[in-house]
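Structural characterization, general
Letter by letter, the chains look like this.
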Protein chains: 2
Amino acid sequence: MTEINRALLRKDAPIGVFDSGVGGLTVVREIMRQIPNEKIIYFGDTARVPYGSKSQDTVTRFSGQIVRFLRTFQVKTIVVACNTASAYALDALEKDTDIPMIGVVKPGANVAADVTRNGRIGVIATEATIGSRMYPKYIEELNKNVTVYCKACPLFVPLIEEGLWEDPVTDEISRRYLTELIDIDIDTLILGCTHYPLIRSTLRRIMGDGVTLVNPAYETAIELREMLAGLELLNDEPPALGSNRYQFYVSDKAEKFVRFANSIIKYGILSAKSINIEEY
Amino acid sequence: MTEINRALLRKDAPIGVFDSGVGGLTVVREIMRQIPNEKIIYFGDTARVPYGSKSQDTVTRFSGQIVRFLRTFQVKTIVVACNTASAYALDALEKDTDIPMIGVVKPGANVAADVTRNGRIGVIATEATIGSRMYPKYIEELNKNVTVYCKACPLFVPLIEEGLWEDPVTDEISRRYLTELIDIDIDTLILGCTHYPLIRSTLRRIMGDGVTLVNPAYETAIELREMLAGLELLNDEPPALGSNRYQFYVSDKAEKFVRFANSIIKYGILSAKSINIEEY
């Protein structure tokens, strides 16, 4: 990793956050709640979404372009608010970057390794995140007595984007995906895709109360706050009124993004700006 | 449209075919059956799939890159084997191109306008294809006495790519999408996405035998043959053995493409080559 040049970073600079599309807004929501003084620049790669079915090379190339875009705003840190990009691209991105970065995989892995009692942890995520084996790798490094069971759930993102958050079809698909994890008797389940907290109540009902659901979005916001505090980079006071506190950029379909964003964040997102990410 | 420069085109040149991913292979399958003497260069934009939820600007930019890529093979014609790209981008592409091009929307529209008896035609397709209103536009130009009813079916592609071609969940989602078209008493249904022929038997069962299902892939191969014949560009004899008759290119995940391709085309696709389409 390139050394972080702390002297170049300002406390009142914004935090950059990116995702393949709208899922990363569940991370933004947690950052807004837990460190409300911060400014955020969000980028959703809606022209090339989804990442979860694509290769490491492609996801890494796309993520590199986004990091270059976010850095044009002099961000003080970048949050990779996408499990697939965190799993596939974070290591490579950190090598080239002199500002601190944080992904969603490690924070989720840390908590899961900590809370499991019977040593059986399940991870549900996209095909790419599961294929990367990053969750088992991190968790097993932290706790040798744990076994991690992984299940790719490719239909969850389309079902969630279609709005079927509470629906018999989502129930049926969830049951098919989760049965083997229930049979294995996991006691902890990582929601390893930033979309999945949106069907948390369905997952809760199917898994039962005995299983702890870990939401990496929540844990990432906590680790982000701690990291910024450690670097003395937390913003001391709220941004001035009218200072464009939260800005949203996308690579396609800004209006559709705004509609979906407002169903996730109750903040009243008024607009998002569309840019050509391939130019970065 | 730029004038076609017939003198530059050779009968034994390949046909270029492209799609956002694997769906266009249903068109390739029909071309292989109906004009077996032709060589084909196929490109599937698997790094940026799907197109059906994206904007006209983005789909047009992506399609332009692909046309530039296919032209490096001196193709004699290009088939836009994707309904969304045909609806959104074909007019713009033709303006810049001096070789003949054909999309899947007009051939499907032609046949539907011809076969309907009660003047009620349904179209099912992606959000983008439906939003473009190209099917109603073409059909109503051909036949003023027809009404076209459109229904976007965003979950069909993910369900088909997950392999649920015959499944109670696909039945349930199909019933939800199709109920209003059944209630309106359509007698003709256009499968306006190149993936949909793969769930033809489900759609047939739900719509009943009284409704004609129009597969634009089939109609496109017929129109392509007629167009090439009219231009005296049909290849007179089969390519020599070992001449790499069918070549497949993708922008990501060549191996996964090959697996899926072999479930559609019973030709035995051995390999696909991955290229960076953003460089074109």
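Keep in mind that what you see is a predicted model, and the values were worked out from it rather than measured.

Another aspect to go through is the sheet that holds strand S2 (residues 40-44) of chain B. Residue and element names in this part refer to chain B. As summarised here, the arrangement of the 6 strands in space is S4-S3-S1-S2-S9-S10, forming an open sheet in which the pairing is parallel. Since the sheet does not close on itself, it has two edges, and those belong to strand S4 (101-103) and strand S10 (273-274), each with one partner. Helix H1 (residues 25-34) contacts strand S1 (15-19), S2, strand S3 (77-80) and strand S9 (246-250) of the sheet and is inclined by roughly 170° relative to S2.

The strands that make up a sheet are held in pairs by hydrogen bonds between backbone atoms, and each pair lies either parallel or antiparallel. All names here are of chain A. The parallel open sheet is built from 4 strands, whose spatial order is S6-S5-S7-S8. Edge positions in the sheet fall to strand S6 (147-152) and strand S8 (212-214), since each of these pairs with one other strand and no more. Taking each pair of neighbouring strands and ignoring which way they run, the sheet shows an average axis angle of 25°. Looking at chain direction, strand S5 (residues 120-125) and S6 are connected through 6 bridges and run parallel. Within S6, the residue paired with Ala125 across the bridge is Ala152. Its contacts with the sheet place helix H8 (residues 168-183) against S5, S6 and strand S7 (188-191), and it is angled at close to 165° to S6. Relative to S8, helix H9 (residues 200-207) is tilted by about 150°, and along the sheet it contacts S5, S7 and S8.

Before going further, it helps to examine the packing of aromatic side chains. The geometry of two aromatic rings is summed up by the distance between their centres and the angle between their planes. Across all of its chains, the model carries 24 aromatic pairs over all chains by this definition. Aromatic pair Phe69(B) and Tyr280(B): ring centres 5.1 Å apart, planes at 75°, arrangement edge-to-face. In this pair, Phe69(B) is assigned in helix H2 (residues 56-71) and Tyr280(B) in the segment after S10, connecting sequence segments 211 residues apart. By relative accessible area, which is 3% here, Phe69(B) ends up buried. We classify Tyr280(B) as partly exposed; its relative accessible area is 33%. Between the aromatic rings of Phe73(B) and Tyr249(B), the centroid separation amounts to 5.2 Å while the plane-to-plane angle is 50°, which identifies the pairing as tilted. Placement of Phe73(B) in the loop between H2 and S3 and of Tyr249(B) in strand S9 is noted, with a sequence separation of 176 residues between them. Through successive ring pairs, a cluster of aromatic residues spans Phe43(A), Phe69(A), Phe73(A), Tyr249(A) and Tyr280(A). Over the face of the ring belonging to Phe62(A) we find Arg48(A), whose NZ or CZ atom lies 3.8 Å from the ring centre.

Here we come to the side chain of Ser251(B). Secondary-structure assignment places Ser251(B) in the loop between S9 and helix H11 (254-264). In this structure Ser251(B) comes out as buried when scored by relative accessible area, which is 4%. In this structure the side chain of Ser251(B) is engaged in a polar contact, spanning 3.0 Å, whose partner is the backbone nitrogen of Thr46(B). A polar contact is formed between the side chain of Ser251(B) and the backbone nitrogen of Ala47(B), at a distance of 2.8 Å. Apart from residues no more than four positions distant in its own chain, Ser251(B) is found in contact with Thr58(A), Phe43(B), Gly44(B), Asp45(B), Thr46(B), Ala47(B), Arg48(B), Ser274(B), Ile275(B) and Ile277(B).

Quick look at the pairing of S2(B) now. Residues and elements named next belong to chain B. For S2, the tally of buried residues reaches 5 of 5 residues, placing the bulk of the element in the interior. Covered by surrounding structure in S2 are Ile40, Tyr42 and Gly44 together with Ile41 and Phe43, the residues of both alternating faces. Pairing of S1 with S2 involves 5 bridges; the strand directions are parallel. Residue pairing in the sheet places Gly16 in a bridge with Ile41 of S2. Handedness of the crossover joining S1 and S2 through H1 is recorded here as right-handed.

Let us now look at the interface of chain B and chain A. Counting from both sides, the interface comprises 32 residues of chain B and, opposite them, 32 residues of chain A. For the chain B and chain A pair, buried surface summed over both sides reaches about 2400 Å², with 47% attributable to carbon and sulfur atoms. Summed over the shared surface of chain B and chain A, the result is 8 salt bridges. Here Glu278(B) and Arg48(A) are joined by a salt bridge, their closest N and O atoms 3.0 Å apart. For the pair chain B and chain A, the number of links is 22 residue pairs in polar contact (both at pLDDT 80 or more). Looking at the side of chain B that touches chain A, the elements with two or more residues in it are H2, helix H7 (156-161) and helix H8 (168-183) of chain B. Counting residues per element, the side of chain B that touches chain A draws most heavily on H8(B), which supplies 6 residues. Looking at side-chain class alone, the side of chain B that touches chain A contains 13 nonpolar, 7 polar and 12 charged residues.

Of the residues in chain A, 100% reach a pLDDT of 70 or more, and the chain-wide mean stands at 95. With a pTM of 0.93, the predicted complex shows an ipTM of 0.91.

Once that is clear, we can look at unusual backbone geometry. Residues and elements named next belong to chain A. Cis peptide bonds are those with omega within 30 degrees of zero, and the linkage from Val49 to Pro50 qualifies with -5°. With respect to the element layout, Pro50 can be found in the loop between strand S2 (40-44) and helix H2 (56-71). Despite not being glycine, Gln74 has its phi angle at roughly 55°, a positive value. Looking at where Gln74 falls in the secondary structure, it is placed in the loop between H2 and strand S3 (77-80).

This part is about the relation of the copies chain B and chain A. In this arrangement, two copies of a chain are superimposed by a rotation about an axis accompanied by a shift along the axis. Superposition record for chain B on chain A: RMSD 0.0 Å, screw rotation 180°, translation along axis 0.0 Å. What the superposition gives is, in effect, a two-fold axis relating one chain to the other. Rotation axis and chain B: the residue whose C-alpha lies nearest the axis is Arg48(B), separated from it by 2.3 Å. The residues that chain B uses at the interface reappear at the interface of chain A in 100% of cases, marking a shared surface.

What follows concerns helix H3 (residues 83-95) of chain B. Residues and elements named next belong to chain B. With 13 residues, H3 extends 19 Å between its outermost C-alpha atoms, agreeing within 8% with the 18 Å of an ideal straight helix rising 1.5 Å per residue. Its maximal kink placed at Ala89, H3 deviates by approximately 65°. Most of H3 sits out of view: 10 of its 13 residues are buried. Taken residue by residue, H3 has Asn83, Thr84, Ala85, Ser86, Ala87, Tyr88, Ala89, Leu90, Leu93 and Glu94 as its buried positions.

Rules behind the numbers
Residues numbered from 1 in each chain as written. Chains lettered and ligands numbered in written order. Predicted model: local features only at pLDDT ≥ 70, side-chain atom pairs only at ≥ 80, totals over all residues. Heavy atoms only, no water. Pairing = 2+ DSSP bridges. Helix = DSSP H or I, 4+ residues; strand = E, 2+ residues; numbered from the N terminus. Contact = heavy atoms within 4.5 Å. Axes fitted to C-alpha atoms, helices over the stretch in contact; angles between N-to-C directions. Phe/Tyr/Trp six-rings, centres within 6.5 Å; stacked < 30°, edge-to-face > 60°. Buried < 20%, exposed > 50% of the residue type's maximum accessible area, 1.4 Å probe, protein only. Lys NZ or Arg CZ within 6 Å of the ring centre and 35° of its normal. Polar contact = N/O pair within 3.5 Å; in protein donor to acceptor, adjacent residues only side chain to side chain. Right-handed = clockwise from strand over helix to strand, strands pointing away. Buried area = accessible area lost by both parts, 1.4 Å probe. Salt bridge = Lys/Arg side-chain N within 4 Å of Asp/Glu carboxyl O. Nonpolar A, V, L, I, M, F, W, Y, C, P; charged D, E, K, R; others polar. pLDDT = per-residue confidence, 0-100. Least-squares fit on C-alpha atoms with pLDDT ≥ 70 in both. Expected span 1.5 Å × (residues − 1). Bend = angle between axes of the 7 residues up to and from the residue.

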